[in-house]
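# Architecture at a glance
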2 protein chains.
Amino acid sequence: MTDAETRLTRKGRATRDRIVESAAAVALERGVQGMTNEEVRRAAGVSGSQLMHYFPDKESLLSAVIDWRAQAVMNFTQMAAKEGLDTFEGLQSWVDAYLDHEEACVSGCSFGSLAAELVKSETGLRGKVADGFDQWEELFRAGLQAMRDRGELKRSADPRALTNALMSSFQGGMLLSQASGDSTALRDALTAAMNYLSTFRSARSRA
Amino acid sequence: MTDAETRLTRKGRATRDRIVESAAAVALERGVQGMTNEEVRRAAGVSGSQLMHYFPDKESLLSAVIDWRAQAVMNFTQMAAKEGLDTFEGLQSWVDAYLDHEEACVSGCSFGSLAAELVKSETGLRGKVADGFDQWEELFRAGLQAMRDRGELKRSADPRALTNALMSSFQGGMLLSQASGDSTALRDALTAAMNYLSTFRSARSRA
């Protein structure tokens with residue numbers, strides 16, 4: 001948090017949070033291009049000068065939206081993996097949280113679709129997108145590392161490589177399902193990713 | 001091709017093609033948001049009225065860019081898979097065409113990154129994006145089906161599901177590598193996808 005943010009009054013912080021949450025919702029539905037000042041003001045119920053006060057330009061608002069989306073998707077990931085991301089059951093619960101809800105499969109990943117729109121920007125936003133992915137992936141890396149340390153995954157399992165494979169399947173499957181308006185691609189992608197992960201299940205874990 | 005397009009003179013068609021190719025290059029580098037009339041005019045070396053003549057609005061130009069990118073990525077896919085997309089060697093050649101060139105891994109998929117930017121548009125562009133993926137994926141589905149028919153893949157192999165898994169790994173890996181500016185994610189994703197495909201290799205094929 002910056003000094004300026006620390007000095008915000010409680011009411012000011014609530015207004016700022018409402019703007020960020022509203023902007024994130026507009027960006028998810030209409031894309032970054034559709035996230036205009038007018039749409040954000042209307043969704044957040046603030047004036048143009050209030051919006052300008054907290055976010056003097058679109059880049060500063062997008063920066064806050066990236067942080068907000070990254071935190072939200074990490075919270076969701078931990079909540080969805082009921083048994084924890086360091087168990088096969090927990091990882092499957094996370095997968096099922098999407099596959100059990102058609103709408104969740106075809107709406108696009110709330111963080112990934114934002115990332116895909118911003119990754120070409122010449123500003124510092126690409127770095128923020130990369131940091132967001134990195135923090136999110138760390139949840140999976142830590143979980144898979146713990147499974148390997150406990151001997152549930154074979155020694156040949158590389159937690160980093162498996163995390164990249166799992167996250168890639170998720171992001172790519174989300175994009176294909178969003179494009180087609182059908183959950184099949186995400187279902188096939190995540191099923192393959194979990195089956196592949198299972199090939200690293202140790203004999204001890206199968207017992 | 002529409003009637004209007006058929007009636008274009010040869011010179012007119014060359015101008016139109018140059019506009020589409022230039023617009024595709026601008027969109028790849030700067031994103032759809034950065035694909036402004038002025039940038040396209042400059043890149044293609046045409047006047048504003050010429051641009052307007054062929055593409056009266058941004059949607060009509062984007063529609064042509066989607067077609068152009070889809071065709072280009074399909075041509076590249078078939079060229080890269082030297083031994084054909086109906087062999088393990090050919091599929092690996094396609095993978096290697098990316099992994100052997102760091103730049104190809106971090107620049108983002110030329111079709112997928114365009115797709116990710118347009119998939120939220122409320123116009124008919126989402127349908128065109130879906131068609132592009134479908135035609136591209138058909139190359140892989142047909143190849144995997146031929147491998148299954150010849151007995152190189154087990155009967156349990158589902159060409160459609162395996163294609164979705166492979167394309168998802170590719171698209172997601174491209175996004176993660178583009179965000180991080182590092183080829184590792186794409187490498188891990190495609191290695192996992194090819195290893196997973198290999199689990200469907202028939203005993204006969206291994207012989």
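None of these values were measured; they are calculated from a predicted model. (Residues numbered from 1 in each chain as written. Chains lettered and ligands numbered in written order. Predicted model: local features only at pLDDT ≥ 70, side-chain atom pairs only at ≥ 80, totals over all residues. Heavy atoms only, no water.)

## Examining the interface of chain A and chain B
Our working definition: Two residues qualify as a contact provided that any one of their heavy atoms is within 4.5 Å of a heavy atom in the partner residue. For any pair of parts, buried area is found by adding up, for both, the accessible area (1.4 Å probe) each one loses once the two are put together. Salt bridges are defined by distance alone: a side-chain nitrogen of Lys or Arg within 4 Å of a carboxyl oxygen of Asp or Glu. As used in this structure description, the phrase polar contact means that two N or O atoms lie within 3.5 Å; if the pair is within protein, one of them must be able to donate a hydrogen and the other to accept it, and residues adjacent in sequence are counted only when both atoms belong to side chains. Here a helix means four or more residues in a row that DSSP labels H or I, a strand means two or more in a row labelled E, and each is numbered from the N terminus. Amino acids outside the nonpolar list (Ala, Val, Leu, Ile, Met, Phe, Trp, Tyr, Cys, Pro) and the charged list (Asp, Glu, Lys, Arg) are all regarded as polar, and Gly is one of them.
Contacts between the two partners involve 43 residues from chain A and, on the opposite side, 43 residues from chain B. Between chain A and chain B the total buried area reaches about 3400 Å² when both faces are included, carbon and sulfur atoms providing 61% of it. On inspection of chain A and its partner chain B, the count reaches two salt bridges. Across the salt bridge formed by Asp188 of chain A and Arg160 of chain B, the nearest N and O atoms sit 3.3 Å from each other. Linking chain A with chain B are 16 residue pairs in polar contact (both at pLDDT 80 or more), by the criterion used here. Looking at the side of chain A that touches chain B, the elements that each hand over two or more residues are helix H2 (10-30), helix H8 (112-118), helix H9 (125-149), helix H10 (159-180) and helix H11 (184-198) of chain A. Here the side of chain A that touches chain B is built from residues that sort into 19 nonpolar, 15 polar and nine charged.

## Focus on the nonpolar core
Stated precisely, the cut-off is as follows: Residue types Ala, Val, Leu, Ile, Met, Phe, Trp, Tyr and Cys, when buried and joined through side-chain atoms within 4.5 Å, form a set referred to as a nonpolar core. Only protein chains enter the accessibility calculation, which uses a 1.4 Å probe. A residue is then buried if its area is under 20% of the maximum for its type, exposed if over 50%, and partly exposed in between.
Counting residues in each nonpolar core, the largest one holds 138 residues, and the members touching the most others are Trp94, Trp136 and Phe170 of chain A together with Trp94, Trp136 and Phe170 of chain B. Those residues in contact with Trp94 of chain A that sit more than four places away from it in its chain are Thr77, Ala80, Ala81, Phe140, Leu166, Phe170 and Leu190 of chain A.

## Some remarks on helix H11 (residues 184-198) of chain B
An α-helical turn contains 3.6 residues, so any two residues separated by three or four positions project in the same direction. The line we're drawing: The span one expects for a helix is its residue count, reduced by one, times 1.5 Å.
An ideal rise of 1.5 Å per residue puts 21 Å on 15 residues; H11 of chain B measures up with 21 Å between its terminal C-alpha atoms. Along H11 of chain B, the residues classified as buried are Ala185, Leu186, Asp188, Ala189, Leu190, Ala192, Ala193, Met194, Tyr196 and Leu197 of chain B.

## A word on the domain arrangement of chain A
Residues and elements named next belong to chain A. Rules: In this document the domain limits rely on a domain assignment from an automatic tool or a database.
Split into domains, chain A comes out as domain 1 (1-56) and domain 2 (66-206). Taking the mean C-alpha position of each, domain 1 and domain 2 sit 28 Å from one another. Counting residues at the interface gives nine residues for domain 1, matched by seven residues for domain 2. When domain 1 packs against domain 2, the two sides together hide about 610 Å² of surface, and 69% of this comes from carbon and sulfur. Taken as a group, Ala24, Leu28 and Val32 account for 64% of the area that domain 1 buries against domain 2, more than any other trio of residues on that side. For the pair domain 1 and domain 2, the interface holds zero salt bridges. The interface formed by domain 1 and domain 2 includes two residue pairs in polar contact (both at pLDDT 80 or more).

## Considering the pattern of salt bridges
Under the definition given, this model contains 20 salt bridges over all chains. A salt bridge links Arg141 of chain B to Glu138 of chain B, with the shortest nitrogen-to-oxygen separation between them at 3.0 Å. Taken as a pair, Arg141 of chain B and Glu138 of chain B lie in helix H9 (residues 125-149) at a separation of three residues, close to a single helical turn. A relative accessible area of 40% means that Glu138 of chain B is categorised as partly exposed. Within the structure, one salt-bridge network assembled from shared partners comprises Arg30, Glu38, Glu39 and Arg42 of chain A.

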